[in-house]
Amino acid sequence: MSKLDDLFEAMAKSIIDGNSQAAGDLARQAIARGIAPMDSINHGFVVGINQVGANFSAGVAYIPDLVLAGAAMKAAMEVLEPELEKGDTARDPLGVVVLATVEGDVHDIGKNIVGTMLSASGFEVHDLGVDVPIEQIVEKTRELKADIVAASALLTTTMVKQEDVIAALERAGLRSTVKIMVGGAPVTRDWADRIGADGYSEDAVGAVHLAKQLMGIH
């Protein structure tokens, strides 16, 4: 195995281990060695995030592992993104996602994991935060010409706002231009179908698969 392969393997391991310090240090090492940022992302860090996703799906990794992996991925990307911009080699995103926890709901852990996983997988994610007014979601969707709106709700009392988001996008004439994903603890596939969402996922790994599917990426 070459030294370069060793470095990529260490990058992947830093994500799997959820080691933010190591991920950032390895990203800086790669830059110092003149390795293209996209190579570090695609052959190193993304390999790690994909493995964490696979482990989660297999039941051998858990929510805390996703949180730590997401933080490590963020640490690496904070180092690499400026280099991408310098070289004018920024990744073409797989799609533009507007992400929010709906109005009246202040839960953000699940949303944050979904945002990190989508971003690490190549989506351009605009996280509006929690307790987001419907009008703000609609305006951001229009402004960005978003491909996907992902609306999270962690309470049975606030999940009805997901239906309101869809209705508001319809009234704004945007519904036909955007795919809508919903998720959160009380949300089910039946609920998603009932309110006219394009898809539902019960976890962050599934959300990435769903987003790719909605964008026609296999």
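This structure is a prediction, so every number in the text was calculated from the model and none was measured.

Student: Can you break down the overall build of the protein residue by residue, with the values?
Tutor: Each helix and strand counted, the protein has nine helices and five strands in total. Counting from the amino terminus, the protein carries its helices and strands in the arrangement α-α-α-α-β-α-β-α-β-α-β-α-β-α. Each of the 218 residues in the protein was classed as buried or not, and the buried ones make up 45%. Contacts in the protein between residues at least 24 apart in sequence constitute 72% of all its contacts with a sequence separation of at least 6. Surface exposure of the protein reaches about 10700 Å², of which carbon and sulfur atoms provide 52%.

Student: Just give me the short version of helix α5 (residues 109-120), but keep the residues and values in it.
Tutor: End to end, α5 covers 17 Å across twelve residues, agreeing with the expected 16 Å (1.5 Å per residue, within 8%). All buried positions along α5 are accounted for by Lys111, Ile113, Val114, Gly115, Met117, Leu118 and Ala120. Taken from the residues just after α5, Gly122 is the one with a positive phi, measuring 110°.

Student: Describe the sheet that holds strand β5 (residues 199-200), with residues and values.
Tutor: The five strands lie next to each other as β2-β1-β3-β4-β5, forming an open sheet whose pairing is parallel. Either end of the sheet is taken by a strand with one partner, and the two such strands are β2 (124-127) and β5. Pairing of strand β1 (residues 96-101) with β2, which is carried by four bridges, proceeds in the parallel orientation. Note on β2: the bridge partner recorded for Leu99 is Asp127. Each of β1, β2 and β3 (148-152) is contacted by α5, which is oriented at about 170° to β1, the strand it contacts most. Taken strand by strand, helix α6 (residues 134-144) contacts β1, β2 and β3, and its axis lies near 170° from that of β1.

Student: How would you summarise the domain arrangement of the protein if you had to cite specific residues and measurements?
Tutor: Interface size, as often reported, equals the accessible area lost upon joining of the parts. For the protein, the domain assignment lists domain 1 (3-86) and domain 2 (96-214). Relative to domain 2, the C-alpha centre of domain 1 lies at a distance of 26 Å. Counting from both sides, the interface comprises ten residues of domain 1 and, opposite them, seven residues of domain 2. Taking both partners together, domain 1 and domain 2 bury about 740 Å²; carbon and sulfur atoms supply 84% of that area. Considering only the surface of domain 1 that becomes buried against domain 2, Ile49, Phe56 and Leu66 emerge as the three largest contributors, covering 47% of it. At the junction of domain 1 and domain 2, the tally comes to zero residue pairs in polar contact (both at pLDDT 80 or more). Taken together, the elements giving at least two residues each to the side of domain 1 that touches domain 2 come down to α3 (37-57) and α4 (63-86).

Student: Lay out the packing of helix α2 (residues 20-32) against α4 with the relevant residues and their values.
Tutor: Orientation of α2 relative to α4, taken along the N-to-C sense of each, is 25°, at an axis distance of 7 Å. Classified by the angle their axes make, α2 and α4 are roughly parallel. For the element pair α2 and α4, the recorded crossing hand is right-handed. Residues Ser20, Ala23, Gly24, Ala27, Arg28 and Ile31 of α2 touch α4, and the partners they reach there are Ala71, Ala72, Ala75, Ala76, Val79, Leu80 and Glu83. Partitioning the contact of α2 with α4 into residue classes produces nine nonpolar, two polar and two charged.

Student: Outline the packing of α3 against α4, supporting the account with residue identities and numerical values.
Tutor: Running from N to C, α3 and α4 point in directions that differ by 170°, and their axes come no closer than 11 Å. The orientation of α3 relative to α4 falls into the category roughly antiparallel. Here α3 contributes Pro37, Met38, Ser40, Ile41, Phe45, Val46, Ile49, Val52 and Phe56 to the contact with α4, which in turn contributes Ile63, Asp65, Leu66, Ala69, Gly70, Met73, Ala76, Met77, Leu80, Glu83 and Leu84. Here the residues of the contact of α3 with α4 are counted per class, giving 16 nonpolar, two polar and two charged.

Student: I'd like a description of helix α1 (residues 3-16), backed by residues and values.
Tutor: For α1, with 14 residues, the first-to-last C-alpha span of 20 Å sits near the 20 Å given by 1.5 Å per residue. For α1, the full list of buried residues reads Leu7, Phe8, Met11, Ala12, Ser14 and Ile15. One face of α1 carries all of its buried residues, which in axial projection span an arc of 155°. Opposite the buried face of α1, by more than 90 degrees, sit the exposed residues Lys3 and Lys13. Here the buried face of α1 lies against α2, α3 and α4. Just downstream of α1, Gly18 is the residue with a positive phi angle, here 70°.

Rules of the game
Residue numbering note: each chain is counted from 1, following its sequence as written. It should be noted that, the model being predicted, local features are given only for residues of pLDDT at least 70 and side-chain atom pairs only at 80 or more, the latter also being counted only at that level, while totals for whole chains, interfaces and linings use all residues. Excluded from the side-chain calculation are hydrogens and water; included are all heavy atoms of the structure. Note on conventions: DSSP H or I runs of at least 4 residues are helices, E runs of at least 2 residues are strands, and numbering of each starts at the N terminus. When accessible area is computed with a 1.4 Å probe and restricted to protein chains, residues below 20% of their type maximum are described as buried, those above 50% as exposed, and intermediate ones as partly exposed. Any two residues whose heavy atoms approach within 4.5 Å are treated as being in contact. Here, Shrake-Rupley sampling with a 1.4 Å probe gives the accessible areas, and only protein chains in the shown set may cover a residue. Each residue after the first adds 1.5 Å to the expected span of a helix. For two strands to pair, DSSP has to find at least two bridges joining them. Axis definition: a line fitted to C-alpha atoms, over the contacting stretch in the case of helices. Angles run 0 to 180 degrees between N-to-C directions. Where a domain begins and ends is set by an automatic assignment or by a domain database. Summed over both partners, buried area is the accessible surface (1.4 Å probe) that two parts give up on being assembled. Under this definition, polar contacts are N or O atom pairs within 3.5 Å; protein pairs additionally need one hydrogen-donor-capable and one acceptor-capable atom, and for neighbouring residues in sequence, both atoms have to be side-chain atoms. Angles below 35 degrees are treated as roughly parallel, those above 145 as roughly antiparallel, those between 65 and 115 as roughly perpendicular, and all remaining angles as oblique. Whether a crossing is left-handed or right-handed is set by the direction in which the near helix is turned from the far one by less than a right angle, anticlockwise for left-handed and clockwise for right-handed. Residue classes follow a fixed rule: Ala, Val, Leu, Ile, Met, Phe, Trp, Tyr, Cys and Pro count as nonpolar, while Asp, Glu, Lys and Arg count as charged, and any other residue, Gly among them, counts as polar. Each direction from the helix axis to a C-beta atom contributes to the arc, which is the arc of those directions.

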